[in-house]
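Fold and geometry: a report
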Amino acid sequence: MDRPAAVVILAAGAGTRMKSKTPKVLNAISGRSLLGHAITAGSRVGAGRICVVVRHERDSVAADALSYDPDLLIADQDEVPGTGRAVHCALEALAGHGDPVDGTVVVTAADTPLLDGGTLRELVRTHEESGNAMTILTALMEEPAGYGRVVRSEGRVTKIVEDRDASTEERAIREINTGVYAFDGALLRETLSRVGQTNSQGEVYLTDVVGIAHISGRRVAAVVADDPWEVEGANDKVQLAHLAKEMNRRIVEDWMREGVTVIDPDTTWIDVDVELAPDVTILPNTQLQGACRVEEDAVIGPDTTLTDCEVGAGAQVVRTHGLLAVIGAGAQVGPFSYLRPGTELGANGKIGTFVETKNATMGEGTKIPHLSYVGDATIGEHTNIGAASVFVNYDGVTKHRTIVGSHCRMGSDNMYVAPVTIGDGAYSGAGTTLRRDVPPGALAINPASQRNVEGWVEAKRPGTAAAEAAARAREVLEAREAIPGTDYGAGDGRGAPNETSGTPADAPGASSAVGNEEKGAIE
Ligand code: UD1
Ligand code: CA
């Protein structure tokens, strides 16, 4: 097969049936715009040039096209409407100031996202082997309404008639024009110049080339696509959803064939550019978007959305929302975690329940188990951040960074007022506001100690349930005090004896500060 001269992708139409401010061809399914799918399929033909015709929302459509292939040619359609005019403008742009395009020209529409590159190659092969002037990709549809119908006489294609211009008999024809063609470039140029605008829409129809070529005695043939899905156009939001579901079904099925376990294919959504290793497990209601990569034995879901994330081998990600985050091998995330861009969790680390992270690196084995915000931070290895901690990164004007070393045991309800640096092996007490750097191995606590005002509730809130409970407890204590040899009622205001083994006894407030950590109440 010769290398075709060009692939022309039509993307200039407004797509009014979408009833949306977004141009039709920029609607995305499976992580790519409709136009992006068309460009990907077109690139598989191996043509000398890919040309995308734009007009409606020209700049955003052109930018989207170039994001898929920076080398493609953008052709601007002028004010004359219709698919025929669009191709005419493409041929002019392709010729530039040089020679007109010769050889095979493939034309596709930007709104048939399931069209496969292999089908296009097959079309070109048939076209060239049969020496056709024009080969149309057609399909047999159960419900052909809306499509151009392929009219044949004695088996040969004689013309294509648009749905709205068709007679009742023509509307009954089930063979439809898919909008995908291979043309002899010279024929296309000559015939297009003879196409008028006398139809219900006043447009230059590319499909009129068929009738003109036939009458001129040129060889027009059709190839019937075996898979009607491939050629279905997304003209409105209903068709868009229908096609998105089918494309997703195919992607999910392909991954299952590659050894991925998908518990519920119906509620699992995987974008085209996602990469999954064998033995990944995906639980229901999970979306893997963009360029996610998941390594073997990882378990994702249920109820998880990851976009452009990397998940290491054996990691578990439960009920999580993640964007541009890296999750290390064996790490645990969730349930109910929010990983924002720049999150990097080391191997065997943990980001737990109701934890939000952003622009934060956590080394191997580091854990942020509960109810915390970690923004703009670098945390070393095997450090534990206590529950309900906030990395206070914003001073109202600028964001600042917090650095926490390795093997730290940080207390619950800590405020890390950035910029602040905590050295390796440091500890902090519960409720500490970290405004100053903490040297390695130091215990940080805020000195304000607790004061108990004895008898306050009975004196100030008489008659309440609390006051009554306090009175009952007081009476029990007073009765015990009357018995010699008990430990109770020492009257130091601290209640029961402490059990803070290993806590520096001389540190004011230290016992209550690190008590939780040591008792393992929160870890
Ligand atoms: C077109 C075909 C129809 C076929 C159907 C298949 C024509 C006249 N009709 O109809 O026979 O069954 O596709 O899906 O070709 N476009 C331009 N410039 C324009 C108008 C459209 O670039 O002036 C682009 C659109 O952006 C779109 C494609 O051409 O990507 C097809 O246009 P659309 O309006 O969807 O054509 P259909 O009515 O679906
Ligand atoms: Ca269409």
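Everything that follows concerns the structure shown earlier in this document.
These notes cover the structure that comes with them. (Residues numbered from 1 in each chain as written. Chains lettered and ligands numbered in written order. Predicted model: local features only at pLDDT ≥ 70, side-chain atom pairs only at ≥ 80, totals over all residues. Heavy atoms only, no water.)

1. Points about the overall build of the protein chain
Counting its regular elements, the protein chain contains 11 helices and 37 strands. Here the protein chain has a C-alpha radius of gyration of 35 Å; the compact-globule value for 523 residues is 24 Å, and the former is much larger. By its C-alpha atoms, the protein chain is 120 × 50 × 45 Å across when sized along the principal axes. Evaluated residue by residue, the protein chain yields a buried proportion of 46% over its 523 residues. Of all intrachain contacts in the protein chain linking residues separated by at least 6 positions in sequence, the fraction that spans at least 24 positions is 41%. Accessible area of the protein chain: about 25200 Å², with a carbon and sulfur share of 49%. (Helix = DSSP H or I, 4+ residues; strand = E, 2+ residues; numbered from the N terminus. Rg over C-alpha atoms; globule rule 2.2 N^0.38 Å. Buried < 20%, exposed > 50% of the residue type's maximum accessible area, 1.4 Å probe, protein only. Contact = heavy atoms within 4.5 Å. Areas by Shrake-Rupley, 256 points an atom, 1.4 Å probe, with all protein chains shown as cover.)

2. Some thoughts on the coordination of the calcium ion (ligand 2)
Within the protein, Asp-111 (OD) and Asn-235 (OD1) serve as the donor atoms for the calcium ion (ligand 2), at 2.4 to 2.6 Å. Remark: Asn-235 occurs in the loop between β11 (220-224) and α8 (237-257) and Asp-111 occurs in the loop between β6 (104-109) and α4 (117-129); sequence separation between them is 124 residues. (Donors = N, O, S within 2.8 Å, 3.2 Å for Na, K, Ca; no water.)

3. Some details on α8
With 21 residues, α8 should cover 30 Å at 1.5 Å per step; its first-to-last C-alpha distance of 30 Å lies within 8% of that length. Within α8, the full set of buried residues consists of Leu-240, Leu-243, Ala-244, Glu-246, Met-247, Asn-248, Ile-251, Val-252 and Trp-255. On its buried face, α8 is in contact with β2 (28-29), α1 (34-43), β12 (261-262), β13 (268-270) and β14 (275-276). Where α8 begins, one side-chain oxygen reaches toward the backbone nitrogen of Val-238, 3.1 Å away; that side chain belongs to Asp-236. (Expected span 1.5 Å × (residues − 1). Polar contact = N/O pair within 3.5 Å; in protein donor to acceptor, adjacent residues only side chain to side chain.)

4. Considering the environment of Thr-126
Within the fold, Thr-126 resides in helix α4. Separated by 97 residues in the primary sequence, Thr-126 and Val-223 have C-alpha atoms spaced 8.0 Å apart. For Thr-126, the residues in contact, after removing those within four places along its chain, are Asn-132 and Val-223.

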